[in-house]
Structures are given as structure tokens and as C-alpha cells.
Amino acid sequence: MNIPRDFIDSLLARIDLVELINAQIPLRKKSNNNYFACCPFHTEKSASFSVSQPKQFYYCFGCGAHGNAIDFLMQQDRLSFPDAIETLARTAGMTVPHEKGTQERNDALPNLYDMTAKAAHYYYDQMSKSEQAITYLKKRGITGTIAKTFSIGFAASGWQHLYDHLAKDEMQIKHLLQTGLIIKKNEGGYYDRFRERIIFPIHDYRGRVIGFGGRVIDQGEPKYLNSPETPLFQKGHELYGLYQALQANRKLERIILVEGYLDVIALFQYDITCAVATLGTATTAHHLTRLTRYTSEIIFSFDGDRAGQSAALRALHIALPLMDDHIQIKFLFLPSNEDPDSLVRKEGKEKFMARVEQATPLSHFFFDALSTQCDMETMEGRARFATLALQQIKLVPANLFRNLLLEGLSRRSRIPLPDLIHQLGLPSPSEATLSAPKPTLALAKLPNPMRLVLSMLVKQPDLIQYLPQPFHLADVPGKVFLLELVDIIQKKPNISTGTLFEHWRGKEEAALFMDLASIEQTLPQTGLKPEFEGAVNMLLFFDQENVIKALLAKAANEGLTNAEKIALTNKIQDKKLLINKQT
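Definitions and cut-offs
- Residues numbered from 1 in each chain as written.
- Predicted model: local features only at pLDDT ≥ 70, side-chain atom pairs only at ≥ 80, totals over all residues.
- Heavy atoms only, no water.
- 1 Å grid on protein atoms, 1.4 Å probe; cavity = no way out; pocket = protein on both sides within 12 Å on 5 of 7 lines; lining within 4 Å.
- Points joined across faces, edges and corners; volume = space filled by probe spheres on them.
- Helix = DSSP H or I, 4+ residues; strand = E, 2+ residues; numbered from the N terminus.
- Nonpolar A, V, L, I, M, F, W, Y, C, P; charged D, E, K, R; others polar.
- Phe/Tyr/Trp six-rings, centres within 6.5 Å; stacked < 30°, edge-to-face > 60°.
- Buried < 20%, exposed > 50% of the residue type's maximum accessible area, 1.4 Å probe, protein only.
- Lys NZ or Arg CZ within 6 Å of the ring centre and 35° of its normal.
- Pairing = 2+ DSSP bridges.
- Contact = heavy atoms within 4.5 Å.
- Axes fitted to C-alpha atoms, helices over the stretch in contact; angles between N-to-C directions.
- Arc of directions from axis to C-beta.
- Salt bridge = Lys/Arg side-chain N within 4 Å of Asp/Glu carboxyl O.
- Polar contact = N/O pair within 3.5 Å; in protein donor to acceptor, adjacent residues only side chain to side chain.
- Core = buried A, V, L, I, M, F, W, Y, C linked by side-chain atoms within 4.5 Å.

Turning our eyes to something else, we now look at the layout of surface pockets. A volume near 1,200 Å³ is recorded for the largest pocket. Among the elements that line the lining of the largest pocket, the one with the most residues is helix H3 (residues 69-76), at four residues. The residue makeup of the lining of the largest pocket, split by class, is 11 nonpolar, nine polar and eight charged.

Here we come to the packing of aromatic side chains. Considering all chains together, one arrives at 29 aromatic pairs under this definition. Here Phe-300 and Phe-302 contribute two aromatic rings whose centre-to-centre distance is 5.8 Å and whose plane-to-plane angle is 15 degrees, an arrangement assigned as stacked. The two residues Phe-300 and Phe-302 agree in class, both being buried. Of note, Arg-293 hangs over the ring of Tyr-205, and the distance from its end group to the ring centre comes to 5.6 Å.

Strands sit in the order S1-S2-S3-S4-S5 across an open sheet of five strands; the sheet is antiparallel. Among the strands making up the open sheet, the edge pair consists of strand S1 (28-29) and strand S5 (66-67). Examined bridge by bridge, strand S3 (residues 49-52) and strand S4 (residues 57-60) share four bridges and lie antiparallel to one another. By the bridge assignment, Ser-52 is partnered in S4 with Phe-57. Docked against the sheet, helix H23 (residues 510-518) engages S4 and S5, running at close to 80 degrees with respect to S4.

Further remarks concern the environment of Pro-26. Take Pro-26: it is sitting in the loop between helix H2 (17-22) and S1. Using a relative accessible area of 67% as the deciding quantity, one classes Pro-26 as exposed. Beyond its immediate sequence surroundings of up to four residues, Pro-26 is in contact with Phe-36 and Ala-37.

This part takes up helix H6 (residues 131-139). Residue pairs spaced three or four apart in an α-helix point in one direction, given the helix's 3.6 residues per turn. Inspection of H6 places Ala-133, Tyr-136 and Leu-137 among the buried residues, and these make up the whole buried set. With its buried residues spanning 95 degrees around the axis, H6 presents them on a single face. For H6, the exposed residues lying more than 90 degrees away from the buried face are Glu-131, Lys-138 and Lys-139. Directly after H6, the chain includes Gly-141, whose backbone phi takes a positive value near 75 degrees.

Turning our eyes to something else, we now look at the pattern of salt bridges. Taken as a whole, this structure holds 19 salt bridges when the rule is applied. A salt bridge links Asp-125 to Lys-129; the shortest N-O distance between them is 2.9 Å. Taken as a pair, Asp-125 and Lys-129 lie in helix H5 (residues 103-129) at a separation of four residues, close to a single helical turn. Taken together, the shared-partner salt bridges in this structure form one network comprising Arg-254, Glu-297, Lys-330 and Glu-357.

In this fold, Thr-116 is placed in helix H5. Of note is the side chain of Thr-116, whose polar atom sits 2.6 Å from the backbone oxygen of Val-209. Ignoring anything within four residues of it in the chain, the contact list for Thr-116 reads Thr-179, Val-209, Phe-212 and Leu-232.

In this section: the environment of Pro-222. Along the chain, Pro-222 turns up in the loop between strand S10 (209-216) and strand S11 (224-226). Other than its neighbours up to four places away in sequence, Pro-222 contacts Arg-197 and Val-216.

What follows deals with the sheet that holds strand S6 (residues 153-155). In space, the four strands of this open sheet follow the order S6-S9-S10-S11, with antiparallel pairing throughout. Edge positions in the sheet fall to S6 and S11, since each of these pairs with one other strand and no more. Mean inter-strand twist for the sheet, computed between neighbouring axes without regard to direction, equals 30 degrees. Packed on one face of the sheet, helix H11 (residues 261-269) meets strand S9 (197-203), S10 and S11 and runs near 75 degrees to S9.

Before going further, it helps to examine the nonpolar core. Residues Tyr-240, Phe-331 and Phe-352 are the most contacted members of the largest nonpolar core, which totals 123 residues. Setting aside residues no more than four positions away along its own chain, Phe-331 makes contact with Phe-300, Phe-302, Ala-312, Ala-315, Leu-316, Ala-359, Thr-360, Leu-362 and Phe-365. Residues Leu-454, Val-486, Phe-501 and Phe-513 belong to the second largest nonpolar core, which totals 37 residues.

Set out below in C-alpha cells:
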């Protein structure tokens, strides 16, 4: 979704971050401009979550969570960036515009959502009237309450029931085709995609119906039939039951990833409301990335047979590149010939959850699966084990989890850790740590005067009025960022810290911006002007010193041109003037 930058700036200018957050988390005023609360993003007893009204920016001194109104909705309500914009726009009474190229597509989506909603209502109504469907659901142990929660429906036998009910004109026929609910015949005319099947509407995380799954009641192939790929539905991205899980849980401590609709429904009926299912596909990176937005613990549930082991290995390979130090992934292998649906009905919630608690951590499954391919009693077998493991560990991002995998591999293979690090192509511990690389524009790389000027401008943009004009720098680290910052503030003098951040969202410099915004400074409001002017003078002095040193070095080695000699004289004079000004 392409949303114009000016609209985002205008939207944030209308939103009061303190009001937005206070509506969900009670804030108390602790200083002139800052409000505090216990952080909603981690468990703590003392209030370390700070919200600044002038900056329109929040920061947690405990866990580092930070951002503006958009970030708060993305983190607290687990919204995507476009959905956070849409939510804020509704709050502010604004309509989100879209740049050319996306408007026509986006304008069509409400009609498609309307069509899928009507179809879901029709199927649910048909289920309530069908003895065949009701008997089937009762046989599967599905109550009326759960059927309503998941909007389970029924498509009767016959070729055009849904078509006859909804296809009132050419536009509605077009929408039925676009949502995959009907299929065009080669010889002309249309027929329903779903016939004589129990219908499982598929909702997105906002509760909108985006597609359908259908299961045959008696005999027939395929056993399960899903909607095709449509503008609303990409099965490699979506998860059945996610909306219901989010509705049932304010915070998802864990998510159990199962294989079928009925597994999700059965677990939900037994008050295990944290299960979701893929939609006829293997787990994808999109699935896992989406799930990590809602929880830090993901448990894969598989059958204990060979097929289940193979599926678990595929999931493992998908998960490794996405692992970070905040995510736990485990594997739950069920008894032979059992699935979550059958097992929870047989054992009940308590015993099933005991199995969940004992699920195998990813690291254990990783090493156990590889060790079955090697003779761990021989040096040759352990060398092969290490080689296979390193091929997979290379996929893991540079973080503490990768370090721990390497340590585990060292213990199991009896190969010294430095040798494994060398084989992986990493620098040795004496040369560098195995921690994640720092951003290119790290705060530590900036000279102190530049750091101070940037930090004050980021947090107090109206200080731009005290920046000398014209303002020139030669070549100081952070110069490009500073000039861009100055340009934005000069064009929008009343911009806040929270709105400023949007100009770097998704860019490499975003990390630097956050570092600058979180620097603590205890300056009284009346002391900002002289402090800022002093910081600017320090920066100019630092810049002139660098230029003078470079010119003097060149003069000693190869001599200066006439223009450079004049430049050196001018710089020395400017430096003297600056010193006199400061004294």
C-alpha cells in the first residue's frame, strides 16, 4: 500500500499520542512533559514506559520499545503498518488516500469483502437448515456454539445454489468470479465451486472473510477443497483460526500450529484457544513471520510417523533463518494414528496441554534429527554430523541463539568451538564477538558534537530556528543525516519527533534515529537555546579543525594550490572568530 508521505505527517499531527495510549494503558504524569506507566510490552513492576507529549514519542527504558502512534498500534494491537494508518485515520476522521497505481485495486476490495461475507452468511444459514450437515457436525463432536464462533456452513448438492442466490447482476457475477466462489464453464454459464461440503470460512486477523475451505461429508475427492488464490486470499500467507485466537486471548503466550480446520476447532472447543492451521500447504516463512507478531513461542504439532517427521524437518528448515533471541520454537509429536482433534477428545485438555508443555525445543530436534543420519560413535560420523549441522546453522541470523547452537554442536561432535567458528567463516572470538552486526550509522561512530546536535534536533525540532544560516559542514560523520534532518524540519517547522521518524521508517538510518531519540538529557526548557547554540559551535569548531589538519598535512607533504592556501587562511580565521564568539 502506497500512502503519500504528506498524509502520514498530517495524520500524526492530528493524533495525541498521550490520549491514544492512555485509552488503553493508564498514564500518570511524572514531569512537565512526560507520562509514565508500566510497559505493555514486557512484564515489570516499576513504571519505565515513558510517553512524551511534545515529542509524540514513547520509549521504554526497560525493554527498549519505542516509536510514535503508528508503532504503538502495530505493537499493542498487532496491526500491520497500513492497518495502523487506517485505524488512526478513522480515529482522526480522515480518509487514507492512495498513490496512483493502487487506487483502483484498493477500491475494488470492499466489494469483494462484501461478497465473501454474504457467501459466508448464506452457507451458515444453509447449515442450520440441513439435517445432513447438523448430523455430521454432531458426529464430529462440534457444538452449535463452536459452529457459530467459526461460522461453519454447508454447501448443498447442486450446481448453482450460491450463484442463484448472489448473482443478481453482471457486477456481482464478476465479484463471485474474483473471489473464486463460482467457476466459468467452457461452454458458457457458471457453477458453484463448493458443493455438498461442510464450509469453513477463512478470516483474516481483522475478522474479514477472505476465502473458504470445504470438506466432503461422505466420499469424494478431493477431501478438502480451498478457495483459489484471489486478491483477498493467498493461502501461503494466511492461517485458519488466527482471528478467533486473537479474539479469545488478549495476549497469546504461545501458538500451536496444527494441520487442519477440525484440529483448530476441536482444541478451541476444549478451551485451548491458541491453535491455528495452515491452509493445505506446508508452513511458509510468511506464516512464521506473521505468527511472531503475536507470540514469542510457536509449537508445531505433527503426527509421530515418518510423514510427520518429514514435515517437521521442512518446518525446521523454514524456521532457522527466522530465529532470533526472542523466539522459541518447539515440536510436538503425537502418538501414531492420532491428530489434535482425536487426541484432545480422547485425553481431555489437561493431558493434551501436558504434552504441549513437554514439546521438544527446536535445538534438540535439530541435533537429534541430524544424529540419526550419522554414526556418532566414530570420528567420521561426528565429522559428517558437524558438516551437516554447520550447513543449517549458516542460515541462522548472527545472534545468541546461533552462538548456543555452535556450543551445542561442539559438545555433541567433540570438535572445539573455535574450529567450528572457523569452518562457519566467522571471525574468531579474539577478533570479534558473534553478536549481531551494528548498524552502519551507529551512534558510537558519531563525534560527540554531532551526536549532541542531532539528538537535540530530533527531540526538539523547533531548535532549528537557532541554527546559523547559511550552515555548512565539510565532511563530518553524520553530515548527510543532519542535512536531511534540517531540510525536513525547515519545510515543516512544527513537526514532532514521532512524525519525523516516519521519514526514516524502513531505512538503515531508522536505528540511528531511535538511538538519538532515546538519549537522556536533563536540560531545563530555558536552557535549550544556549545549549543548542553551544553544541552547534562545537560541531563547527570540530569540522574546521578537521579541514585545517587535512590542509596542513597536505602542505607538509605535497604543497597546496593557491586556492587551498586561501581556504586554509580562511578556515584559521573562522576558527579564531568562533573561539572569540564562545568566550
